[in-house]
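# Chain and residue survey
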Amino acid sequence: TIFGTFPPSKLYLAQAIEALAKAGAKSATSVFESASFTKGVCAAMPELADKFNLTLQDEIEVVSSPTSVDLDPVARNLSMAENDPDIVVACVYDQGCAEWVASMRKTGWSPRAQVFTVCIGMDKFKDAVGTDAMYMMGVSPWDPSLDMQDQVVGWSAMEFSELFLATTQRTSTYHAASAAASVGALVQAIERADSFGTEAVSDVLATQEFNTLYGLLSFDANGQSQAPSLHLQYDKDMTVQTVYPIEFRSAELVYPMPTWDARDCNMLSNCLTGEETGVCQEDGTCKCDSENAVSTGVGSSAKCVYIPAEDMTYVDTSLLIVGYILFAVQAFLSLACTAWTVYYRQRRVVKASQPLFLCLVAFGAFLMSLSIIPVGIQGEYRYLVDPITGVPTDEPNTDIDRVDAACMALPWLFSMGFAVTFSALFAKIWRIKLVFQAARTFVRKQVGVKDVVSIMVAVIVLQAIVLIAWNVADPLIWQREVLMEDNNGYPTRSIGTCSSTNGLAFLIPLIVIDALMLVYALYLCFVTRKVSAEFQEGTWITASILSILQILVLSIPILVIVDADNNAFYFVRVAVIFLVSSTVTMLIFFPKIYKLHFLKVQNGASRRTGFRATGQLSTTPYDSGQRTSMNSDRGNDPARRTTMDSDGGRRFSIASENGTTAICRKVAFQINSSAASASQVIEELEEYHESTTEKKTQSDTNTDEEV
């Protein structure tokens with residue numbers, strides 16, 4: 001009788017399929033090469049699948065000794081979602097095992113359980129695939145992890161394996177253990193039969209069980225071993241463990257097997273050993289232990305890194321508050337000056353300065369100061385940053401639209417405010433120039449607002465055209481630039497600015513237009529410098545223009561120097577905007593306010609000390625050829641005129657309906673030689689006329705003045 005220690009092929013896979021079915025597997029596919037043993041082993045799959053309620057999705061036959069050329073298409077096909085099985089049983093020899101693992105690795109796919117009929121525990125297989133053998137499963141009649149002891153020699157399976165390795169320098173396989181177990185079973189059968197007779201020994205072998213290092217050995221009626229095959233699996237340390245049957249297991253079954261990325265994460269990445277540690281996940285990422293660390297990379301590149309807090313170099317809140325305060329101050333100045341102009345528009349000082357243009361100057365200064373607000377508007381990156389990885393995504397940051405609008409609002413507000421302010425000043429000077437030129441030719445000329453408003457419109461429209469082209473063709477947008485990164489490439493410092501590709505092509509024309517306007521305004525101020533300061537403010541316009549030029553010239557190098565410091569850069573820009581707008585406001589309005597409300601009082605006091613009431617008008621300061629007379633009738637005719645002649649024909653007169661000439665009947669003035677001239681007398685009478693006009697309650701308060 002012939003006895004065999006290997007189990008029959010139809011039972012070879014039974015333990016593995018049973019264990020995986022109990023672990024939760026639902027489907028299986030078999031891949032076998034064209035050889036009698038391999039085909040015989042996988043031929044049991046339909047029966048086993050039916051027995052353990054598995055769906056056998058496919059049975060794939062490949063050539064004998066297959067290579068990657070034969071197996072790559074099979075792996076790609078099984079990797080598809082509709083074909084992906086829970087279990088793949090590969091009935092191949094050792095060469096086929098290595099090639100199949102290589103094909104799965106190349107495809108980036110692995111089933112939840114990969115079972116080989118041979119190869120597990122073989123040095124040749126382990127050397128061929130390296131760490132890719134981790135968690136691979138197989139079946140074998142024997143393994144050194146088996147907890148059994150031989151009754152004849154007293155060796156356990158592990159002791160036999162160690163002795164075999166020390167003697168042969170090779171890892172023991174089930175083949176060597178089977179041979180040793182065969183000798184042990186035969187010795188036990190001879191001892192129990194107490195005979196060397198063939199029939200007596202055969203009867204004992206056929207009917208009894210034998211404790212061997214190969215396991216509890218028994219034979220069926222055909223002489224085949226009834227010992228179950230063991231379900232084996234490599235653990236994370238690349239050690240083969242028996243995982244089923246439960247009574248013989250040396251470790252727990254790992255199902256499902258980790259994916260390739262998860263294995264690479266455990267074996268090759270810094271997830272477990274980096275500065276920030278974690279645990280590899282099924283998808284190959286690293287779950288970090290620290291809340292301040294995030295997972296980056298997959299598989300071999302998986303690691304936990306600490307994302308540092310990024311310094312966004314935002315402008316300090318305190319400086320923003322300063323900017324808002326400066327804007328509020330200028331807004332108050334503009335509003336107050338506009339209200340003052342409207343209220344005192346009938347006064348001579350305001351009339352001479354043309355109220356409409358004064359209001360435009362105040363409004364333009366307010367527009368310029370309004371550009372302080374968008375200077376302080378800041379944002380993050382144009383695209384949202386993944387909070388887990390810290391990496392920018394493709395999703396736009398909706399908040400950036402607000403910041404982009406602020407970027408273009410700055411040149412619009414400042415340029416249009418500048419245009420309104422200085423075109424108004426320019427128009428005022430141009431109006432005076434026209435009157436001055438007419439006076440030099442002794443021609444009476446009346447210049448109205450409509451005669452100079454075209455200048456303002458032209459300047460404003462020209463600037464608006466440039467700004468619209470800029471806004472359409474290449475607008476300023478918010479960009480954040482990374483200045484510093486840590487060792488892992490995460491930004492630690494960045495700065496945000498408004499920029500455009502061809503911004504200078506639009507900025508330079510705006511600067512040129514404003515510069516030419518300022519230079520020509522200075523020229524007009526020079527031409528009209530001899531006109532009486534009582535009727536124009538060329539001195540103050542010149543002072544304001546020169547001050548603005550000085551501020552702008554000095555601010556350019558300062559802005560270049562502080563460009564890298566966001567706080568300093570913000571403060572300098574805000575200071576320049578405030579100084580430009582406030583300087584114009586104060587130099588244009590404050591002298592008029594002073595003249596109307598303070599200088600008038602001082603002059604009135606001085607005149608009162610320089611005049612004395614007498615019965616006649618003295619002409620002491622004039623030479624003997626001059627004659628100054630004041631004639632006044634005592635009647636109440638409002639058409640009466642007070643006439644004063646001097647220098648042989650120069651004539652000054654005042655006509656009034658409210659009885660201004662009555663002062664001539666009540667008070668006589670004597671002009672001291674050191675006190676006043678004839679023009680001061682006229683001014684005194686005009687001031688009296690203004691004061692009496694303000695007290696009128698009738699609706700008709702318009703006074704016709706002619707000097």
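### Some points on the overall build of the protein chain
- On a plain count of helices and strands, the protein chain comes out with 21 helices and 21 strands.
- Within the protein chain, the proportion of its 707 residues that are buried is 45%.
- Long-range contacts, defined here as pairs at least 24 residues apart, represent 68% of the contacts in the protein chain between residues at least 6 apart.
- Just so you have it, the protein chain exposes about 36500 Å², and 56% of that area is on carbon and sulfur atoms.

### Here we look at the confidence of the model for the protein chain
- Predicted confidence across the protein chain gives a mean pLDDT of 79, with 79% of residues reaching 70 or more.
- Note on residues 605–683: pLDDT is under 50 here. Beyond four places in sequence and across chains, it has 107 contacts.

### Overview of unusual backbone geometry
- In this chain, Y244 is followed by P245 through a cis amide linkage whose omega measures 5°.
- If you trace the backbone, P245 turns up in the loop between β9 (240–244) and α10 (260–268).
- Of the consecutive residues Y255 and P256, the connecting peptide bond is found in the cis state with omega at 0°.
- At S65, a residue that is not glycine, the phi angle is positive and equals roughly 50°.
- Relative to the assigned elements, S65 resides in the loop between β2 (55–62) and α4 (68–79).

### Some thoughts on the nonpolar core
- I87, V89, W100, F116, F125, M136 and W142 are the most contacted members of the largest nonpolar core, which totals 76 residues.
- Looking at this core, the element that brings in the most residues is helix α8 (residues 174–193), giving six residues.
- By size, the runner-up hydrophobic cluster in this structure holds 50 residues, among which are L320, A362, A521 and L596.

### Quick word on the pattern of salt bridges
- One pass over the structure, following the stated rule, counts 11 salt bridges.
- Across the pair D132 and R105 runs a salt bridge whose closest N-O atoms are separated by 2.7 Å. In this pair, D132 sits in the loop between α6 (123–129) and β5 (137–140) while R105 sits in helix α5 (residues 94–107), placing the two residues 27 residues apart along the sequence.
- Look at R105 and you get partly exposed, because its relative accessible area is 27%.

### Some remarks on the environment of L524
- Relative to the assigned elements, L524 resides in helix α17 (residues 504–527).
- Residue L524 is classed as buried on the basis of its relative accessible area of 0%.
- A sequence separation of 94 residues divides L524 from W430, and the C-alpha atoms of the two residues are 7.1 Å apart.

### Focus on the packing of aromatic side chains
- Under the criterion given, the structure shown has 14 aromatic pairs.
- With a centroid separation of 5.7 Å and an interplanar angle of 85°, the aromatic rings of Y12 and F37 are classed as edge-to-face. Taken together, the residues span a long stretch of sequence, with Y12 in the segment before α1 (14–23) and F37 in helix α2 (residues 36–42) at a distance of 25 residues.
- Since its relative accessible area comes to 3%, Y12 is described here as buried.
- For the ring pair W340 and Y344, a centre distance of 5.8 Å and an interplane angle of 45° mean the geometry is tilted.
- Chaining the aromatic ring pairs together yields one cluster made of W142, W155, F160 and F164.
- The residue whose ring lies beneath R263 is W260, and the NZ or CZ to ring-centre distance is 4.2 Å.

### Structural notes on a nonpolar patch on the surface
- Side chains of L504, L507, I508, I511, V512 and L516 sit close together on the surface and give an oily, nonpolar patch of about 560 Å² of accessible area.
- By secondary structure assignment, the location of L507 is in helix α17.
- With relative accessibility at 35%, the residue L507 sits in the partly exposed group.

### Structural notes on the sheet that holds β5
- Judged by pairing direction, the sheet is mixed, and its seven strands sit side by side in the order β2-β1-β3-β4-β5-β8-β9 without closing on themselves. At either margin of the open sheet sits one strand with a lone partner, and together these are β2 and β9. Shown here is a sheet whose adjacent strand axes are inclined to one another by a mean of 25°, direction ignored.
- Direction of pairing for strand β1 (residues 27–33) relative to strand β3 (residues 87–91): parallel, over a ladder of five bridges. Paired with A28 across the two strands is I87, which belongs to β3.

### Quick look at the packing of α8 against helix α9 (residues 198–207)
- Packing of α8 against α9 brings their axes to within 9 Å, and their N-to-C directions diverge by 115°. Taken as axis vectors, α8 and α9 run roughly perpendicular relative to one another. Handedness of the crossing formed by α8 with α9: right-handed. Where α8 abuts α9, its residues A185, L186, A189, I190, R192 and A193 lie against A200, V201, V204 and L205.
- Split by residue class, the contact of α8 with α9 holds nine nonpolar, no polar and one charged.

### A look at α1
- Taken residue by residue, α1 has A14, Q15, A16, I17, A19 and L20 as its buried positions.
- In this structure, the buried side of α1 is in contact with α3 (45–51), β3, β4 (113–116), β5, β8 (230–234) and β9.
- At the C-terminal side of α1, G24 shows a positive phi close to 120°.

### Overview of α10
- Along α10, the positions that sit buried rather than exposed are W260, A262, R263, D264 and C265.
- Tucked inside the fold, the buried residues of α10 contact α5 and β10 (278–280).

### Observations concerning the state of the cysteines
- Counted by the stated rule, this structure contains six disulfides.
- Put simply, C42 and C91 are joined by a disulfide, and their sulfur atoms are 1.8 Å apart. Note on the C42 and C91 pair: the S-S dihedral is about 95°, so by sign convention the disulfide is right-handed. One end of the pair, C42, is in helix α2; the other, C91, is in strand β3, with 49 residues separating them in the sequence. As far as burial versus exposure is concerned, C42 and C91 are alike and both buried.
- With its sulfur 1.9 Å from that of its partner, C407 forms a disulfide with C498. Its S-S torsion of about -70° marks the bond between C407 and C498 as left-handed, since a negative value means left-handed. Remark: C498 occurs in strand β17 (residues 491–499) and C407 occurs in helix α15 (residues 400–440); sequence separation between them is 91 residues.
- Given the relative accessible area of 36%, C498 is considered partly exposed.
- Sequential numbering of the bridged cysteines in the protein chain gives the disulfide pattern 1-2, 3-4, 5-7, 6-8, 9-10, 11-12.
- Sulfur of C337: no disulfide; nearest cysteine sulfur belongs to C359 and is 9.9 Å away.

How each quantity is defined
Residues numbered from 1 in each chain as written. Predicted model: local features only at pLDDT ≥ 70, side-chain atom pairs only at ≥ 80, totals over all residues. Heavy atoms only, no water. Helix = DSSP H or I, 4+ residues; strand = E, 2+ residues; numbered from the N terminus. Buried < 20%, exposed > 50% of the residue type's maximum accessible area, 1.4 Å probe, protein only. Contact = heavy atoms within 4.5 Å. Areas by Shrake-Rupley, 256 points an atom, 1.4 Å probe, with all protein chains shown as cover. pLDDT = per-residue confidence, 0-100. Core = buried A, V, L, I, M, F, W, Y, C linked by side-chain atoms within 4.5 Å. Salt bridge = Lys/Arg side-chain N within 4 Å of Asp/Glu carboxyl O. Phe/Tyr/Trp six-rings, centres within 6.5 Å; stacked < 30°, edge-to-face > 60°. Lys NZ or Arg CZ within 6 Å of the ring centre and 35° of its normal. Patch = residues over 30% accessible without salt bridge, like charges linked within 9 Å, V, L, I, M, F, W, Y side chains within 5 Å. Pairing = 2+ DSSP bridges. Axes fitted to C-alpha atoms, helices over the stretch in contact; angles between N-to-C directions. Parallel < 35°, antiparallel > 145°, perpendicular 65-115°, else oblique. Left-handed = near helix turned anticlockwise from the far one by under 90°. Nonpolar A, V, L, I, M, F, W, Y, C, P; charged D, E, K, R; others polar. Disulfide = S-S within 2.5 Å.

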